[in-house]
Amino acid sequence: MDVLSTNEIKHGDVVLEARGITKRYPGLVANDHVDFEVRAGEIHAILGENGAGKTTLMSILFGLVRPDEGEIYVFGKKVNFKSPLDAIKLGIGMVHQTRKLVAAHTVLENILLGHPKTGVILDFKKAAEEVARLCDRYEYKLNLNDKVWHLSEGEKQMVEILKALYRGARILILDEPTSSLAPPETKKLLETIQIMTRDELAIVPFITHKLPVVLSVSQRVTVLRRGKVVARLNTREATEQMLAREMVGREVMFNLERAQVERGKAVLEVQNLSVYDEKGMKAVKDVSFSVHEGEIFGIAGVSGNGQQPLAEALAGLRKAAEGRVLLDGSEITRLSSMERWKRGIGYIPSEQRAVGSIGDFSLVENILMSYYYDDEFCRRGVIDAKKIRARAEELVAEYGVATPSVDVLAKNLSGGNLQKLILARVLSRQPRLIIANLPTQGLDVGATEFVQNKLLEAKKAGAAVLLISEDLDEVLALSDRIAPMYEGRFMDILPGGEAEREIVGALMAGIRQKAAEQ
Amino acid sequence: MWEFWVRSLNASTIFTVAALGEIIGQRAGIMNVGVEGAMLFGATISFIVTKTTGSYLLGFLAGIAVGALIGLLHAFFSVTLGGDQVVNGMGIWILGFGLTAYIGYPYTGPLGLPRLPAINGLSPFFLLSLLLAAGIWFFLFKTHAGLKLRSVGENPSVAEVSGINVVRTRYASVMFSGALMGLAGSIYALDYNPVWNYNFLMGWGFIALALVFFSMWNPFLLLGGSILFGALWQVSLNPEALLPNIFSRYIWRTFPFVITVIVLILMSTKWFSSRWGAARPEALGLPYEK
Amino acid sequence: MNIAGYKIKLEKKTSFSGLEAAALSVLAVVVALFLVGFIFLQAGVDPAKGYAEIFSYAFINSFGVPLTINRAIFLLLCTFAFILPMRAGLWNIGMAGQLYAGALAAFGVAYAFGARTNPDVPAGIVLPLMILAAMAGGGLMGLIPGFLKGKFNTNEIVVTMMLNFIAFWVTAHMIKEGGPFMGSGGEGEGFKLPPVLQPGLFLGMPFTIWFALGLTALLQFVFTKTRIGYEIRSFGASPAAARYAGVDPFKISVLVFVAGGVIAGLAGYHYFATVPGLFKIPKNYGDFGDLAFYGIICGLISQGNPLAAIPLAVLFGGLTSGGRFVQGKLQLGFGIDYAMLGVLMIILVAFQFFFRYRVVFKKEKEA
């Protein structure tokens, strides 16, 4: 807000304070007497695993959720938020993990949307000047008339930060600010928020995994575990191991068992493949690679660099514009998805609910999605109901899908259970090639481990696995070979065991020279 | 020739006004495939009111009001109850088709009042439609309320976090949208073709719906499309005036419908959608739940 | 909301029993008929008396019952023409156009064999050909939206509606003002089929009832037991997931629209070529196109279940024929059947909500 002009806040003033915040949900204390404060000109990170209570705390600080106990002070005054609008009015800005922008509108339109001081008629010229001044101040280049869907993830995030600042935010809450960014964009973001602290802005990033990020920019860090504050440290005194221990409560092993399997003959061969996306842009450009028996081939990349169109083209859901695709030596470039299923391609799509399952169908009928074309289960066009039911019951038991019966509708399964069901359905066909597109996205730790182990098992059994993931650590841990993908191209194909995190990270961001130097 | 164009422009007025209504609703994310139904209500009620009271003004007001009420009904079904918007729209259409056939029947026949004044044959409502198109364009792209409305249609959850009341915006848009459809029906029944007959709109509402897709949700492109269809309609009504007598007049009557189908096909090709497809509001047709 | 110590809450349905669906459907019809009662009141007729007249004419009166049956067969066929695309998530509101096309094709065969002027055509050949032509005509009409939807994803609602108008005017062209099918009377009607082409009745019913009943069984079997039925249903439930599972959207869209069109074509044949008193495309052929919209109502109430469509088709066949009758008898305005159509539709739309939510009453707990 205007009243809180920069001059009135002195460096080191406590601008936001939470005392004894407690929030209970049935069977769970999400926040247990949490104390937290952030000072002007400070970056104070909050660290914690999934389920540690970060989201609840964040929602309380932003007025989305009301605490059961505890008090919040903003600029020294006790406040009682009824909705996020109250928090915004008092100068708190929130940048969510998922982008809250209208993709079809321009940067400027997004920044102006809902601004309380905007007149009936929009004064684009004046607003553009003001926003441009903000950009200059924080040394960030942005074309305000670009449509948001043209921007990179990092730029989109900056638009949200600018939007909050333009609305007068003095305290910025950032939810997982680096999770969808490539390494160079992360660097740029961290630089920018450090410049912002010069203006006595207070910045509170909530972070789950990226410990180096915390260490590199924050002044203080608060660690949450099971709803409680377990540590509050000056970052200078902290190390990565220390933070990890506090977060998890024990020593952490950064290891995943990866069996070496004899690499067999090529199952999938892709030659100079190009694919258009739904907007008519070339999303996959001249990609060539092969995946062999007993191999996991990992594609690492930030979302939107052509992984999705590539996966769809291989699964037969999208036309190949140029190039050839071969399965076990015979060309399948023009074959339908049905024909590809029959020939042994098993596709695990990234969207479990919208694509991978049919919510209004029972589990039996969901299992049927991979069996209805099989003459064993569907004779002369008539489905063998008994047989498919038996198979569904078998698979649900084998994959540990938690459900009262196979007649339950798929939409009632949790994300982890649904993914198990999809996995069960696809893997039970014993595909020659498994295309796993973001197979662990949004899953909890247990389900993630389950899925990863199933992929490793399939590899051991001799299948070829194409793993597409935005989680660099997952790709590094599972893959025998790694292709960093950037703007529709493979930047390189690296052997899995030796690939260094930094190199793959740089290549994912399209930086080639740097990788060469190292 | 002047007469032909005047009639074409007069016909285009009805397409324009109805389709502008649909644009407003769709820009806010609510599709109403029942344009025809809302127009039938507007046409029938305005006709009855004017015929019984002798007042054109009251007729138009009643037509607009009943349109807004139909919009309210559609908003209730689509926003509050969160039902399938296509089903709801079909409901609006069949309700309009069935109920107006019954309500209007005793009033079958001409209005029996002196015609509204015209400028050398050109209906003043044509000028109104131009003003409406310009006004709605300005509203959508130059005002804060228009930006809010478009945001609600593109991404309601984003609009919500920006402090916009999605439900209220959608209600207001759909009611205004219905009011314009009601007005379009009133213009048809009181000015363009003041002779009531059951289902006398003959699919004009569906053509208006198709024009919205054709217009890429842009009021000015819509004007062009409406005038084109107005002209086609005139050709089909009176082919002898323009073209040699190739077909029977019944076959000519099919022409606007055939053209609508052809235009729809062109618009749904890859060639078209890859160039202008992005104009479609992202959240169109999707119910919003917090 | 709290009433008398009970908390009333809406819960999203997670499961759904057939019985519940049937109960809701019946309730929707009852509510709609109740509301139509107000139309009777407004017209100065006691609703109880109005309905008594309608039902006794439709289901007891010896003139009314055959009319009800004719309409029920017609509606059942129109319902199936709507249901097939509906199960695949597509809207066929083009039954009117498809049935005109079927009728035109059937009469086209008769015309080609000279039946317009010559009463002695070889019925053994012409009759089956007429039926096949009706199916082909309707099917071709259905092919247009199906192909366009599958190939270009063209909005099928607008296309089928446009085709209704196109077929309507083409029919007018064929039977009016010197059109080739014009009847000898010259009064804007199609020619009458010669007696040899007028199929006899079976137990007082047109033989097309066998088509309707056979199709009921066939569709029920297809939807519940077969691969193609599964493909149609999964495409209807989630096009993206069905595509992922290998279902070909083009195939499904063409299939359901062509099959729907074939059935609607039969409906056209049924009413214009097998019902005594017609045996021609009448002047008011548009009324039958309007009646076909009741197929949408039956399809929606039955939730796409072919068996459930039978009682509905009989009910609405009776209500519309009875409605027309009381209009004359009780001097109601025109179109009570149209008003009923509108009210039924909007009530159904409102009832969608109850298909998705369940109202839960819970005893209020002490806080």
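Summary of the structure given here. Computed from a predicted model, the values in this text were never measured in an experiment.

### Some thoughts on the overall build of chain B
- When its secondary structure is counted, chain B shows 14 helices and 2 strands.
- The dimensions of chain B, computed from C-alpha atoms along their principal axes, are 55 × 45 × 30 Å.
- Here chain B, with 290 residues, has 62% of them falling under the buried criterion.
- For chain B, contacts bridging at least 24 residues in sequence account for 81% of all contacts bridging at least 6.
- Accessible surface, chain B: about 10300 Å² in total, of which carbon and sulfur atoms supply 69%.
- Taking the average place of the 15 positive charges on the side chains of chain B and the average place of its 10 negative ones, the gap between the two points comes to 4 Å.

### Description of helix H6 (residues 144–154) of chain B
- Of all 11 residues that make up H6 of chain B, 9 are buried, and the element is covered over most of its length.
- Taken residue by residue, H6 of chain B has His 144, Gly 146, Leu 147, Leu 149, Arg 150, Ser 151, Val 152, Gly 153 and Glu 154 of chain B as its buried positions.
- As for H6 of chain B, its buried residues are in contact with helix H3 (107–112) of chain A together with helix H1 (2–27), helix H5 (124–142), helix H7 (156–161) and helix H8 (166–192) of chain B.

### Considering the interface of chain B and chain C
- Each partner contributes to the interface: chain B provides 45 residues, whereas chain C provides 45 residues.
- For the chain B and chain C pair, buried surface summed over both sides reaches about 4100 Å², with 79% attributable to carbon and sulfur atoms.
- When the area that chain B buries against chain C is broken down by residue, the three leading residues are Ile 94, Tyr 102 and Tyr 250 of chain B, summing to 18%.
- There are 0 salt bridges connecting chain B and chain C.
- If you look at where chain B meets chain C, you find 2 residue pairs in polar contact (both at pLDDT 80 or more).
- Elements represented by at least two residues in the side of chain B that touches chain C include exactly helix H3 (56–80), helix H4 (85–104), helix H9 (204–214), helix H12 (249–253) and helix H13 (255–268) of chain B.
- Broken down by element, the residue count for the side of chain B that touches chain C peaks at 14 residues, all from H4 of chain B.
- For the side of chain B that touches chain C, a count of residues per class yields 30 nonpolar, 11 polar and 4 charged.

### Thoughts on the sheet that holds strand S5 (residues 77–79) of chain A
All names here are of chain A.
- Sheet architecture is open: 4 strands sit in the order S2-S1-S4-S5, paired in antiparallel fashion. The open sheet has two edge strands with one neighbour each: strand S2 (28–39) and S5. On average, each strand axis in the sheet is tilted by 25 degrees relative to the strand beside it, whichever way the strands run.

### Some details on the interface of chain A and chain C
- Taken together, the contact pairs 29 residues of chain A with 19 residues of chain C.
- Of the roughly 2000 Å² buried where chain A meets chain C, counting both sides, 58% is carbon and sulfur surface.
- Looking only at chain A, the three residues that lose the most surface to chain C are Leu 317, Phe 361 and Tyr 372 of chain A, adding up to 29% of its buried area.
- Across the pair Arg 233 of chain C and Glu 365 of chain A runs a salt bridge, and its minimum N-O distance is 2.8 Å.

### Some thoughts on the packing of helix H13 (residues 306–329) of chain C against helix H14 (residues 336–356) of chain C
Residues and elements named next belong to chain C.
- Axis separation between H13 and H14 bottoms out at 8 Å; the angle between their running directions is 140 degrees. Between H13 and H14, the crossing angle belongs to the class labelled oblique. Contacts between H13 and H14 involve Phe 316, Leu 319, Thr 320, Gly 323, Arg 324 and Gln 327 on the former and, on the latter, Ile 336, Asp 337, Tyr 338, Met 340 and Leu 344.
- Residues that form the contact of H13 with H14 fall into these classes: 6 nonpolar, 3 polar and 2 charged.

### Some remarks on the side chain of Gln 98 of chain C
- Note on placement: Gln 98 of chain C falls in helix H4 (residues 95–112).
- For Gln 98 of chain C, the residues in contact, after removing those within four places along its chain, are Asn 92, Gly 138, Met 141, Gly 142, Gly 260, Gly 261, Ala 264 and Gly 265 of chain C.

### Points about the packing of aromatic side chains
- One pass over the structure, following the stated rule, counts 57 aromatic pairs over all chains.
- With a centroid separation of 5.8 Å and 75 degrees between ring planes, the pair formed by Phe 107 of chain C and Phe 191 of chain C is classed as edge-to-face. Remark: Phe 191 of chain C occurs in the loop between helix H6 (156–175) and strand S3 (201–202) and Phe 107 of chain C occurs in helix H4; sequence separation between them is 84 residues. The exposure classification of Phe 107 of chain C matches that of Phe 191 of chain C, with both residues buried.
- Among the aromatic residues, those joined into a ring-pair cluster are Phe 15, Tyr 188, Tyr 192, Trp 196, Phe 200, Trp 204, Phe 229, Trp 233 and Phe 257 of chain B together with Phe 165 of chain C.
- Its end group placed over the ring of Phe 223 of chain C, Arg 87 of chain C keeps NZ or CZ at 4.5 Å from the ring centre.

### Structural notes on the sheet that holds strand S3 (residues 44–47) of chain A
All names here are of chain A.
- Pairing is mixed in the open sheet, where 6 strands are placed in the order S6-S7-S8-S3-S9-S10. With partners counted over all chains shown, the strands left at the sheet margins are strand S6 (92–95) and strand S10 (228–234), one partner each. Direction aside, the axes of adjacent strands within the sheet are offset by 20 degrees on average.
- Bridge count for S3 against strand S9 (residues 220–225) is 4 bridges, and the pairing is parallel. Considered in S9, the bridge of Ile 46 is made with Thr 222.
- On top of the sheet, helix H1 (residues 54–61) reaches S3, S6, strand S7 (171–175), strand S8 (202–207) and S9; it is set at about 150 degrees to S8, its chief contact.

### Details of the environment of Asn 80 of chain A
Residues and elements named next belong to chain A.
- Relative to the helices and strands, Asn 80 resides in the loop between S5 and helix H2 (84–89).
- Considering only alpha carbons, one finds Asn 80 and Arg 66, 14 residues apart in sequence, at a separation of 8.5 Å.
- Among all residues touching Asn 80, those that are not within four sequence positions of it are Arg 66 and Asp 86.

### Here we look at the pairing of strand S1 (residues 14–25) of chain A
Residues and elements named next belong to chain A.
- Taken together, the 8 bridges between S1 and S2 define a ladder with antiparallel strand orientation. If you follow Ile 21 over to S2, its bridge partner there is Val 34.
- Hairpin connection, S1 to S2: the antiparallel pair is bridged by 2 residues, and Gly 27 has positive phi, about 75 degrees.
- Note that S1 and strand S4 (residues 69–74) share 5 bridges and pair antiparallel. Bridge pairing in S4 links Thr 22 to Glu 69.

### Some points on empty space enclosed by the protein
- For the structure shown, the criterion picks out 4 cavities of 30 Å³ or more.
- For the largest cavity, the calculated volume is near 250 Å³.
- Contributing to the lining of the largest cavity are 16 residues, with Ile 88, Met 94, Lys 163 and Ala 164 of chain A together with Val 161 of chain B lying nearest its centre.
- For the lining of the largest cavity, the per-class residue count stands at 7 nonpolar, 5 polar and 4 charged.
- Of the volumes computed, that of the second largest cavity is approximately 40 Å³.
- For the second largest cavity, the full set of lining residues is Ala 315, Leu 317, Ser 337, Arg 340, Trp 341, Ile 345 and Tyr 347 of chain A together with Tyr 244 of chain C.
- Listed by contribution, the elements that provide at least two residues to the lining of the second largest cavity are helix H10 (337–343) and strand S16 (345–348) of chain A.
- With 3 residues, the top contributor of residues to the lining of the second largest cavity is H10 of chain A.
- The residue makeup of the lining of the second largest cavity, split by class, is 6 nonpolar, 1 polar and 1 charged.

### Considerations on the side chain of Glu 109 of chain A
- Within the secondary structure, Glu 109 of chain A is located in helix H3.
- For Glu 109 of chain A, a relative accessible area of 9% puts it in the buried group.
- Contact partners of Glu 109 of chain A, with chain neighbours within four places excluded, come to Phe 124 of chain A together with Leu 147 and Arg 150 of chain B.

### Observations concerning helix H10 (residues 249–273) of chain C
Residue and element names in this part refer to chain C.
- Taking 1.5 Å as the rise per residue, H10 with 25 residues should run 36 Å; its terminal C-alpha atoms sit 35 Å apart, in good agreement.
- Of all 25 residues in H10, 18 are buried; the element is thus mostly enclosed.
- Structurally, the start of H10 carries an N-cap: the backbone nitrogen of Phe 250 is 3.1 Å from a side-chain oxygen of Asp 248.

### Some thoughts on a nonpolar patch on the surface
Residues and elements named next belong to chain C.
- Taken together, Phe 34, Leu 35, Phe 38 and Leu 41 make up a surface patch of nonpolar side chains, about 410 Å² in accessible area.
- Here Leu 35 shows up in helix H1 (residues 18–42).
- Judged by relative accessible area, Leu 35 falls into the partly exposed class, the value being 33%.

### Let's talk about the pattern of salt bridges
All names here are of chain A.
- Summed over all chains, the structure comprises 40 salt bridges over all chains.
- For the salt bridge of Asp 328 with Arg 432, the shortest nitrogen-to-oxygen distance reads 2.7 Å. Of this pair, Asp 328 sits in the loop between strand S14 (320–327) and strand S15 (330–331) while Arg 432 sits in the loop between helix H14 (415–427) and strand S19 (433–437), and the two are 104 residues apart along the sequence.
- The class of Arg 432 is partly exposed, set by a relative accessible area of 25%.
- Residues Arg 343 and Glu 339 are paired through a salt bridge, measuring 3.7 Å at the closest nitrogen-oxygen approach. Of this pair, Arg 343 and Glu 339 both sit in helix H10, 4 residues apart, roughly one helical turn.
- Within this structure, Glu 37, Arg 39, Glu 42 and Arg 220 form a network of salt bridges that share partners.

The rules we used
Residue numbers run consecutively from 1 along every chain, following the written order of its sequence. A letter from A marks each chain and a number from 1 marks each ligand, given out in the order of writing. For a predicted model such as this one, the threshold for reporting local features is a pLDDT of at least 70, and the threshold for listing and counting side-chain atom pairs is 80 or more; totals across whole chains, interfaces and linings nevertheless cover every residue. Note: side-chain values were computed over all heavy atoms of the structure, leaving out hydrogens and water. Counting from the N terminus, the helices are DSSP H or I runs at least four residues long and the strands are E runs at least two residues long. Under the scheme applied here, a residue whose accessible area is under 20% of the maximum for its type counts as buried, over 50% as exposed, and between as partly exposed, the area being computed with a 1.4 Å probe on protein chains only. Note on contacts: a residue pair qualifies if any of its non-hydrogen atoms lie within 4.5 Å across the two residues. For accessible areas, the Shrake-Rupley method is used with a probe of radius 1.4 Å. Any residue's cover is judged against the shown protein chains and nothing else. Positive charges are assigned to Lys and Arg, negative charges to Asp and Glu, while His and the chain termini are left out of the count. Where a charge lies is defined by one atom per residue type: Lys uses NZ, Arg uses CZ, Asp uses CG and Glu uses CD. Buried area: the sum, over both parts, of the accessible surface (1.4 Å probe) that disappears when the two are put together. Put simply, a salt bridge is a Lys or Arg side-chain nitrogen that is within 4 Å of an Asp or Glu carboxyl oxygen. Here a polar contact is taken to be a pair of N or O atoms separated by no more than 3.5 Å, where protein atoms must pair a possible hydrogen donor with a possible acceptor and residues adjacent in sequence count only if both atoms sit in side chains. For this classification, the nonpolar set comprises Ala, Val, Leu, Ile, Met, Phe, Trp, Tyr, Cys and Pro, the charged set comprises Asp, Glu, Lys and Arg, and every other residue, Gly included, is treated as polar. A pair of strands is treated as paired once DSSP finds two or more bridges between them. A fitted line through C-alpha atoms serves as each axis, taken over the contacting stretch for helices, and the angle formed by two N-to-C directions is quoted from 0 to 180°. Any angle that is under 35 degrees is reported as roughly parallel, and any over 145 degrees as roughly antiparallel; angles of 65 to 115 degrees are reported as roughly perpendicular and all others as oblique. Ring pairs are drawn from Phe, Tyr and Trp, using the six-membered ring of Trp, whenever the two centres fall within 6.5 Å, and their geometry is named by plane angle: stacked under 30 degrees, edge-to-face over 60, tilted for the rest. Charge-over-ring placement is defined geometrically: NZ (Lys) or CZ (Arg) within 6 Å of the ring centre, and within 35 degrees of the ring normal. Lining residues are defined by having an atom within 4 Å of a point belonging to a cavity or pocket. Those points lie on a 1 Å grid over the protein atoms alone, cavities being sets where a 1.4 Å probe fits but cannot get out and pockets being open sets with protein on both sides within 12 Å along at least five of seven lines. Grid points are joined across faces, edges and corners, and a volume is the space filled by probe spheres set on the points. Expected span of a helix: the number of residues minus one, times 1.5 Å. Only residues whose relative accessible area exceeds 30% and that form no salt bridge enter a patch; like-charged residues are grouped when within 9 Å of one another, and nonpolar side chains (Val, Leu, Ile, Met, Phe, Trp, Tyr) when within 5 Å.

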